[in-house]
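Chains, contacts and geometry: an overview
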Amino acid sequence: MATNSLVCVNDYEEQALSLLDKRVRDYYSCGADDGQTLSDNVADFRRLRLRPRMMVDVSNINMKTTLLGQEVAFPVCVAPTGIQKLAHPDGELATARASASLGTCMCLSTGSTVSLGELAENLPELLLWFQLYVCKDRDLTRQLVKQAERAGCKALVVTVDRPEQGTRRTSITNKFSLPLHLSFKNLDSLKSPLQSSQNNKYAVLHTMFDNTLTWEDIQWLTTITNLPVIAKGVLTGVDAVKALESGCKAIYVSNHGGRQLDGVCSTISVLSEVVKAVNGRAEVYLDGGVRTGTDVLKALALGARAVFVGRPPLYGLAVAGEEGARNVLTILRNELKLAMQLSGVTDVQSVSRDLVTYRASL
Ligand code: FNR
């Protein structure tokens, strides 16, 4: 569809939600339980206010940065979200093409409908990370890690906030399942319970994940791979320190887009605590509720090295495939650049904490 009239992420969201069928729309947009954390993620960015500096030469803006030593053109990357072929037949391949063409990083989900191998073959230039759910079957886990290594991934993002699946009420009422024409491509060639199940592979996949995980298992993970391990789903300073002590090379602040424990703090509101605990020992990333360039700038000011977006590229994908995903990322990049210029900030790597304040009560 024509995308000229869609000028911000919210336009893409609105358009996508009107196009998708109910089951997919609900799967992408829902949060856990009452959706309190889902809405706080967005609302809390809006409680922060910017304190721009004037009269700064902003003719040259540096948006480039590095993530664990790998360059990205701007600090907005694609968070891992499963089953992207529900949004568009090209699924994760289209999102990956959009990410590669803009020079940013994409993190592929364990639950993807395109394989690591297919992305690596088509897009050798893409900065690709793999999101890992540790499976009860450690041999299977090991094989997933090897696939990520073979595909040239530059990091393993281990999700630590899913000992069990949060309650997504619409998934229950819609009886959400993986359509029969799709499969979890990274697991297709591996021996797992998925192979013997015809129906509801979505539910079967979730039974394969391990709810006994502790930080010791993260330590184990660091011994079976040379890839840097990143803990995704950290919400407290204490856990950030645990993750570092377990060998993680970066901390990814996330509440799974409000889809796990409802009632946890928004990610932007806990970022400072995590950054303080990490104390410069590792890079800190954030996702959850980032919808505008000013949101990105606020997260950078509070100490994030980069942010990730989950739903926004899905909405772009649903509206116009690769082009839509690219447009959404381009909007965020351009909005960030303008927000920097209007704030008197010239480099994404040195955004001052002073740039943000909480909304003053009048
Ligand atoms: C997710 N998320 C997620 N996280 C993860 O570690 N593995 C996964 O497979 C998925 N799958 C997934 C599917 C869908 C439809 C959504 C919306 C989210 C969470 C995701 O990585 C990220 O943390 C949030 O989406 C970030 O919040 P925003 O940007 O959507 O507000």
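Residues numbered from 1 in each chain as written. Predicted model: local features only at pLDDT ≥ 70, side-chain atom pairs only at ≥ 80, totals over all residues. Heavy atoms only, no water.

Relative to the assigned elements, S112 resides in the loop between strand 5 (105-108) and helix 5 (116-122). Relative accessible area serves as the criterion here: at 0%, S112 is assigned to the buried category. For S112, the contacting residues outside a window of four places in its chain are I83, E92, S183, F184, K185 and N186. (Helix = DSSP H or I, 4+ residues; strand = E, 2+ residues; numbered from the N terminus. Buried < 20%, exposed > 50% of the residue type's maximum accessible area, 1.4 Å probe, protein only. Contact = heavy atoms within 4.5 Å.)

One pass over the structure, following the stated rule, counts 10 salt bridges. Across the pair R138 and D210 runs a salt bridge, and its minimum N-O distance is 2.7 Å. Here R138, found in helix 6 (residues 138-150), pairs with D210, found in the loop between helix 8 (201-208) and helix 9 (215-224); they are 72 residues apart in sequence, far enough to count as distant. On the basis of relative accessibility, which here comes to 23%, the residue R138 falls in the partly exposed class. Taking the relative accessible area as the measure of exposure, D210 reaches 7% and is therefore buried. What emerges from the salt-bridge pattern is a single network uniting R138, D210 and D217. (Salt bridge = Lys/Arg side-chain N within 4 Å of Asp/Glu carboxyl O.)

Attention now goes to the packing of aromatic side chains. What the rule picks out here adds up to 10 aromatic pairs. Centre to centre, the rings of Y27 and Y202 are 6.0 Å apart; their planes meet at 90 degrees, and the pair counts as edge-to-face. Of the two residues, Y27 is situated in helix 2 (residues 22-29) and Y202 in helix 8; the sequence distance between them amounts to 175 residues. Looking at Y202, the relative accessible area reads 10%, which means it is buried. Measuring from ring centre to ring centre gives 5.6 Å for W129 and Y285, while their planes differ by 50 degrees; the resulting arrangement is tilted. One end of the pair, W129, is in strand 6 (residues 127-132); the other, Y285, is in strand 10 (residues 283-287), with 156 residues separating them in the sequence. On the basis of relative accessible area, W129 is assigned to the buried category, the value being 1%. Among the aromatic residues, those joined into a ring-pair cluster are Y27, Y28, F176 and Y202. Over the ring of Y133 we find R162; its NZ or CZ atom is 5.9 Å from the centre of that ring. (Phe/Tyr/Trp six-rings, centres within 6.5 Å; stacked < 30°, edge-to-face > 60°. Lys NZ or Arg CZ within 6 Å of the ring centre and 35° of its normal.)

What follows covers the site of the ligand. Taken together, 24 residues sit near the ligand, with P80, S109, T159, D287 and R291 positioned nearest. Between the ligand and the protein, one listed contact pairs an oxygen atom with a side-chain N or O atom of S254 at 3.2 Å. Between the ligand and R311 there is a distance of 2.9 Å, counted from an oxygen atom to a side-chain nitrogen or oxygen. Relative to its unbound accessible area of 600 Å², the ligand is 97% covered by the protein chains. Spatially, the ligand is embedded in the largest cavity. If you list the elements that add at least two residues to the shell around the ligand, you get helix 2 and helix 13 (311-343). (Near = heavy atom within 4 Å. Polar contact = N/O pair within 3.5 Å; in protein donor to acceptor, adjacent residues only side chain to side chain. Areas by Shrake-Rupley, 256 points an atom, 1.4 Å probe, with all protein chains shown as cover. 1 Å grid on protein atoms, 1.4 Å probe; cavity = no way out; pocket = protein on both sides within 12 Å on 5 of 7 lines; lining within 4 Å. Sits in = over half its atoms within 2 Å of the grid points.)

Remember that the coordinates give geometry; whether it matters functionally is a separate question.
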